[in-house]
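Descriptive structure summary
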Amino acid sequence: MTYLGFHLLFIVGPTIALTMTALRRRGRLGKRTPVALFGVAPLAVIYTARWDQYLIANRVWWYGEDRVIGSWLGVPYEEYAFMVLQPILTGALLLTLISRRDDLTFPRPSRGTWVRGALVGGVVIALGLLTGIPALSSGGRWTYLGLILVWAFPACGALIAGAGPGLSLFGRESLSAWALSTVYLCVADRIAIGAEVWTIGDATSTGWMIAGLPVEEALFFAVTNALVVAGAMLFFTPGLQPAGSTGTS
């Protein structure tokens, strides 16, 4: 399997299908649907590319030269494509699930929803820094874990705090989209690693496995999908009608 083959087999089809579904339901979802679908992707590229370049350069993970079309700044073109496709895939799944709701109005957020979002976000930020910094300081087998914690958790916590009211209102859909995308991408990743499309470095990872998948990879998909769900929600909810409105979206 090549990296392009991985995209064609696991990523492109579901992304197109879910995106088309969400766009067809734009009348129900509201005017911010395209922004919620596509707005996270460029931010993901900006935030991820340099970090990913560092991982590859330091052999935290690497790819088979014969498995990619080429690379730019040490990062495969297909990896850049994944940075774009994953946010669209998970965001489209989230919006598709939300579109099944009967009521798509957005009540004025209460003080409690903001406080809960801020508390959860604060815990995520603290967890990332308090565990990630010692892991990075230890180096060696804790390197990959520490890099994920320090890179992703603070951003994730900030987004959760900002998107707290939307995540609270659409809690079931948010959790479902996060869980389904995470499990699906973990399974796809496990297959790709088994096919040696890419390799996780033994010297910089803990060696802990979940059903044959390095725990760091599972954590990576869990936290990046949380970033996508919170980011998409932050873009989406301003386009909803306020509760009690009689207009159409």
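Structure's up top.
Let me begin by describing the structure that accompanies this report. No experiment lies behind these values; they were computed from the predicted model shown.

Here helix H6 (residues 111-138) spans 41 Å end to end across 28 residues, near enough to the 40 Å set by a 1.5 Å rise per residue. The set of residues buried in H6 consists of Thr113, Gly117, Gly121, Val124, Gly128, Gly132 and Ala135. Elements that come into contact with the buried residues of H6 comprise helix H7 (143-162) and helix H8 (164-169). The positive-phi residue at the C-terminal boundary of H6 is glycine 139, with phi of around 65°.

Tallied over the entire structure, the rule returns three salt bridges. A salt bridge links arginine 172 to glutamate 173; its shortest N-O distance comes to 3.6 Å. Accessibility expressed as a relative area gives 62% for arginine 172, which makes it exposed. Through salt bridges with shared partners, a single ionic network connects Arg101, Arg172 and Glu173.

As a further point, take unusual backbone geometry. Its identity as a non-glycine residue notwithstanding, leucine 73 has a phi of 55°, on the positive side. Looking at where leucine 73 falls in the secondary structure, it is placed in the loop between strand E2 (71-72) and strand E3 (75-76). Backbone geometry places glutamate 196, a non-glycine residue, at a positive phi of 60°. As for its position among the elements, glutamate 196 is in the loop between helix H9 (171-194) and strand E5 (198-200). The exposure class of glutamate 196 is exposed, given its relative accessible area of 53%.

Our next topic: the nonpolar core. Residues Phe6, Trp51, Ile98, Trp198, Met233 and Phe236 are the most contacted members of the largest nonpolar core, which totals 66 residues. Sorting elements by how many residues they give to this core places helix H10 (residues 215-236) first, with 12 residues. Those residues in contact with tryptophan 198 that lie beyond four places of it in its chain are Tyr3, Phe6, Trp61, Trp62, Tyr63, Asp189, Ala192, Ile193 and Glu217.

Packed helix pairs are characterised by how far apart their axes lie and by the angle those axes make with each other. Axis separation between helix H4 (residues 40-57) and H7 bottoms out at 12 Å; the angle between their running directions is 170°. By the angle between their directions, the pair H4 and H7 is classed as roughly antiparallel. From H4, Tyr47, Thr48, Trp51, Tyr54 and Leu55 reach across to H7, where they touch Tyr144, Leu147, Ile148, Trp151 and Ala155. Within the contact of H4 with H7, the residues separate by chemical class into nine nonpolar, one polar and no charged.

Quick notes on the rules
Residues numbered from 1 in each chain as written. Predicted model: local features only at pLDDT ≥ 70, side-chain atom pairs only at ≥ 80, totals over all residues. Heavy atoms only, no water. Helix = DSSP H or I, 4+ residues; strand = E, 2+ residues; numbered from the N terminus. Expected span 1.5 Å × (residues − 1). Buried < 20%, exposed > 50% of the residue type's maximum accessible area, 1.4 Å probe, protein only. Contact = heavy atoms within 4.5 Å. Salt bridge = Lys/Arg side-chain N within 4 Å of Asp/Glu carboxyl O. Core = buried A, V, L, I, M, F, W, Y, C linked by side-chain atoms within 4.5 Å. Axes fitted to C-alpha atoms, helices over the stretch in contact; angles between N-to-C directions. Parallel < 35°, antiparallel > 145°, perpendicular 65-115°, else oblique. Nonpolar A, V, L, I, M, F, W, Y, C, P; charged D, E, K, R; others polar.

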